Amino acid sequence: MKTAEADLKEIKSLMERSSRFISLSGLSGVFAGLYALAGSWLANQYIASDYKQIELWPLMGIAASVLLLSLLTAIFFTTRNARRKNQKIWDKLSQRMLWNLAVPLIAGGLFLIILIFQEQYYLVAPGMLIFYGLALINGSKYTLNDIRYVGYFQIVLGLMATCFHGNGLLFWSIGFGWLHIIYGALMYWKYER
């Protein structure tokens, strides 16, 4: 016989599934973090190899590769997770979540391109962290609340990076690398295990 508490838990679960996209996989966060750490290692090797003749395009290529690999991995693991939970991967909730993530990311991307053309390179890594954090906070309304806290940490790291010129790659590694690995592992343990 069901208790009132069990009924309330079931109602809460149904409401959460109907108002939040909950198929995001913690494994995608772990892999995104690993890609970011590999990318920051490659960028550091490139910078250290010939400090006087640094070209911007190889660094942008590394960043684009990290982003592309992270997106493909997120799509793979999220699709797999949605199938396991018998959820649709592309519905109104996922569309709203992606739109709320996209607006700050696109605005941030355009802002960073302007910084690059104005040769304000020292603000690029902090800007990436800040706008990514804003996107996570904005998108958290339509998915797991835990993502909001990652957003807060990203913003704090971005603001700290603006205070420590020359250490953007270090803060970028912490935010996009280690923070994603820790968050992804915790989310996997909490929701997917």
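Residues numbered from 1 in each chain as written. Predicted model: local features only at pLDDT ≥ 70, side-chain atom pairs only at ≥ 80, totals over all residues. Heavy atoms only, no water.

Chemist: I'd like to hear about the overall build of the chain, residue by residue, with values.
Modeler: Scanning the chain from terminus to terminus reveals seven helices and zero strands. Relative to its full complement of 193 residues, the chain shows a buried share of 38%. Contacts in the chain between residues far apart in sequence, at least 24 positions, make up 74% of those at least 6 positions apart. Here the chain displays about 12,200 Å² of accessible surface, and carbon together with sulfur accounts for 68% of that area. (Helix = DSSP H or I, 4+ residues; strand = E, 2+ residues; numbered from the N terminus. Buried < 20%, exposed > 50% of the residue type's maximum accessible area, 1.4 Å probe, protein only. Contact = heavy atoms within 4.5 Å. Areas by Shrake-Rupley, 256 points an atom, 1.4 Å probe, with all protein chains shown as cover.)

Chemist: How would you explain the environment of Thr162 if you had to name every residue and give the values?
Modeler: Along the chain, Thr162 falls in helix α6 (residues 146-163). Judged by relative accessible area, Thr162 falls into the partly exposed class, the value being 27%. If we skip the residues at most four places from it in the chain, Thr162 touches Leu123 and Pro126. There is a polar contact of 2.5 Å between the side chain of Thr162 and the backbone oxygen of Leu159. (Polar contact = N/O pair within 3.5 Å; in protein donor to acceptor, adjacent residues only side chain to side chain.)

Chemist: Describe unusual backbone geometry, and please don't skip the residues or the numbers.
Modeler: A positive phi angle is found at Glu119, which is not glycine, with a value near 60°. You can call Glu119 exposed: its relative accessible area is 58%.

Chemist: Break down helix α2 (residues 26-49) for me, with residues and values.
Modeler: Taking 1.5 Å of rise per residue, the 24 residues of α2 would be expected to cover 34 Å, and the 35 Å separating its terminal C-alpha atoms lies within 8% of that figure. Along α2, the residues classified as buried are Gly26, Leu27, Ser28, Gly29, Val30, Ala32, Gly33, Ala36, Leu37, Gly39, Ser40 and Ala43. Taken together, the buried residues of α2 touch α3 (56-84) and α7 (168-192). Put simply, Ser25 is the residue that caps the front of α2, since its side-chain oxygen is 3.2 Å from the backbone nitrogen of Leu27. (Expected span 1.5 Å × (residues − 1).)

Chemist: Please set out the packing of α2 against α3 residue by residue, giving values where relevant.
Modeler: Between α2 and α3, the shortest axis-to-axis distance is 9 Å and the interhelical angle comes to 170°. Viewed along their axes, α2 and α3 adopt a mutual orientation that is roughly antiparallel. The residues of α3 that touch α2, namely those facing Leu27, Ser28, Phe31, Ala32, Tyr35, Ala36, Gly39, Leu42, Ala43, Tyr46 and Ile47, are Pro58, Leu59, Ile62, Val66, Leu69, Ser70, Thr73, Ala74, Phe77 and Arg80. For the contact of α2 with α3, the per-class residue count stands at 16 nonpolar, four polar and one charged. (Axes fitted to C-alpha atoms, helices over the stretch in contact; angles between N-to-C directions. Parallel < 35°, antiparallel > 145°, perpendicular 65-115°, else oblique. Nonpolar A, V, L, I, M, F, W, Y, C, P; charged D, E, K, R; others polar.)

Chemist: Break down the pattern of salt bridges for me, citing the residues and quoting the values.
Modeler: Following the criterion strictly, the structure yields one salt bridge and no others. We note a salt bridge from Asp146 to Lys190, for which the minimum N-O separation is 3.1 Å. Within this pair, whereas Asp146 is found in helix α6, its partner Lys190 is found in helix α7, the two being separated by 44 residues in sequence. (Salt bridge = Lys/Arg side-chain N within 4 Å of Asp/Glu carboxyl O.)

Chemist: Which residues make up the nonpolar core, and what values go with them?
Modeler: Residues Leu136, Trp172 and Phe176 are the most contacted members of the largest nonpolar core, which totals 19 residues. Elements supplying a minimum of two residues to this core: α4 (92-117), α5 (124-139), α6 and α7. It is α7 that contributes the most residues to this core, six residues altogether. Excluding its chain neighbours within four sequence positions, the residues that come into contact with Phe176 are Ala32, Gly33, Ala36, Met128, Leu129, Tyr132 and Gln154. (Core = buried A, V, L, I, M, F, W, Y, C linked by side-chain atoms within 4.5 Å.)

Chemist: Any details on α7? Residues and values, ideally.
Modeler: Between its terminal C-alpha atoms α7 stretches 33 Å, which fits the 36 Å expected from 25 residues at 1.5 Å a residue. The sharpest bend along α7 measures roughly 30° and falls at Leu179. (Bend = angle between axes of the 7 residues up to and from the residue.)

Chemist: Kindly report on the packing of aromatic side chains, identifying the contributing residues and their values.
Modeler: Evaluated as defined, the whole model comprises eight aromatic pairs. The interplanar angle of 20° and the centroid separation of 6.1 Å between the aromatic rings of Phe164 and Phe171 together place this pair among those described as stacked. With centroids separated by 5.1 Å and ring planes inclined at 45°, the aromatic side chains of Trp172 and Phe176 adopt a geometry described as tilted. You can see Trp172 and its partner Phe176 sitting in helix α7, four residues apart, about one turn around the helix. The residues Trp172 and Phe176 share a single accessibility class, namely buried. Feature note: the residues Phe31, Tyr35, Phe76 and Phe77 constitute an aromatic cluster, connected by ring pairs. (Phe/Tyr/Trp six-rings, centres within 6.5 Å; stacked < 30°, edge-to-face > 60°.)

The values reported here are purely geometric and, on their own, carry no functional implication.
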